[in-house]
Amino acid sequence: VQLQASGGGLVQAGGSLRLSCAASGRTFSTYGMAWFRQAPGKEREFVAALSRSGEASYYTDSVKGRFTISRDNAKNTLYLQMNNLKPEDTAAYYCALKQVRSGLIYTQSVDYDFWGQGTQVTVSS
């Protein structure tokens, strides 16, 4: 599986961006998916995850109510809609896939099998 993340950019505080992660392969619907981010000098951190059906999601506290994770299995694409962006959201954002047989959600980076290359989000104050 190969992942191609896109949609990052420079935005002012309060603005919005939508990240996309396009996946190759035919079994996209069998994967749980997530977004992580890594700011300079910091460890990679969990942002949001989605079950393989798309019916269940989970967010880190700092983005709840502002970010929405979603997927389009027909397009093999994962999304992250980011609203009301803050300077502390500045980071490289990575999408990740984990092949699963259940509806469980995983929040640890070590659990994920495939990673995108990252897309930079910079929020100015």
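Placed above this text is the structure.
Everything numeric in this text was worked out from a predicted model, so none of it was measured.

Novice: Looking at this model, I keep getting lost on the state of the cysteines. Mind explaining?
Specialist: Formally, a disulfide is one covalent bond, and it connects the sulfur atom of one cysteine to the sulfur atom of another. The final tally for this structure, using the stated rule, is 1 disulfide. The partner cysteine of Cys21 in its disulfide is Cys95, sulfur to sulfur 2.1 Å. Here the S-S torsion is close to 65 degrees, and the disulfide linking Cys21 with Cys95 is therefore right-handed. Residue Cys21 is located in strand S3 (residues 17-23), and its partner Cys95 is located in strand S9 (residues 91-99); the two are separated by 74 residues in the primary sequence. Residues Cys21 and Cys95 agree in their burial class; the two are buried.

Novice: Got a minute to help me understand the sheet that holds strand S1 (residues 3-6) in this structure?
Specialist: Taken together, 4 strands build an open sheet; the order of strands is S1-S3-S8-S7 and the sheet is antiparallel. Looking at the sheet topology across the chains shown, the edges are occupied by S1 and strand S7 (67-72). Each adjacent strand pair in this sheet contributes to an overall mean axis angle of 15 degrees, direction not counted. Direction of pairing for S1 relative to S3: antiparallel, over a ladder of 4 bridges. Within the sheet, the bridge partner assigned to Ser6 lies in S3 and is Ser20.

Novice: Hey, could you run me through the nonpolar core in this one?
Specialist: Generally speaking, soluble globular proteins have nonpolar side chains that are buried together. Grouped together as the largest cluster of nonpolar side chains are 29 residues, with contacts concentrated most on Trp35, Phe67, Leu80, Met82 and Tyr93. The residues touching Tyr93, leaving out its near neighbours within four places in the chain, are Leu19, Trp35, Phe36, Arg37, Val47, Phe67, Leu80, Met82, Gly118, Thr119 and Val121. One finds Ala34, Phe36, Phe46 and Ala96 within the second-largest nonpolar core, a separate group that totals 6 residues.

Novice: Explain the packing of aromatic side chains to me, please; I cannot follow it from the model alone.
Specialist: All told, the structure shown has 6 aromatic pairs when counted by the stated rule. A centroid spacing of 6.1 Å and a plane angle of 80 degrees characterise the contact between Tyr31 and Phe114, whose relative ring orientation is edge-to-face. Of this pair, Tyr31 sits in strand S4 (residues 31-38) while Phe114 sits in strand S10 (residues 114-115); the two residues are 83 residues apart in sequence, bridging distant segments of the chain. Classification of Tyr31 by relative accessible area gives buried; the value is 5%. Relative accessible area serves as the criterion here: at 27%, Phe114 is assigned to the partly exposed category. Look at Phe36 and Trp115: their rings are 5.1 Å apart centre to centre, the planes differ by 50 degrees, and that puts the pair in the tilted class. Taken together, the positions of Phe36 in strand S4 and Trp115 in strand S10 put the pair 79 residues apart, joining distant regions of the chain. Since its relative accessible area comes to 28%, Trp115 is described here as partly exposed. Every member of this aromatic cluster is reached through a ring pair, and the members are Phe36, Phe46, Tyr58, Tyr112 and Trp115. Lying across the ring of Trp115, Arg44 places its NZ or CZ 4.7 Å from the centre.

About the cut-offs
Residues numbered from 1 in each chain as written. Predicted model: local features only at pLDDT ≥ 70, side-chain atom pairs only at ≥ 80, totals over all residues. Heavy atoms only, no water. Disulfide = S-S within 2.5 Å. Helix = DSSP H or I, 4+ residues; strand = E, 2+ residues; numbered from the N terminus. Buried < 20%, exposed > 50% of the residue type's maximum accessible area, 1.4 Å probe, protein only. Pairing = 2+ DSSP bridges. Axes fitted to C-alpha atoms, helices over the stretch in contact; angles between N-to-C directions. Core = buried A, V, L, I, M, F, W, Y, C linked by side-chain atoms within 4.5 Å. Contact = heavy atoms within 4.5 Å. Phe/Tyr/Trp six-rings, centres within 6.5 Å; stacked < 30°, edge-to-face > 60°. Lys NZ or Arg CZ within 6 Å of the ring centre and 35° of its normal.

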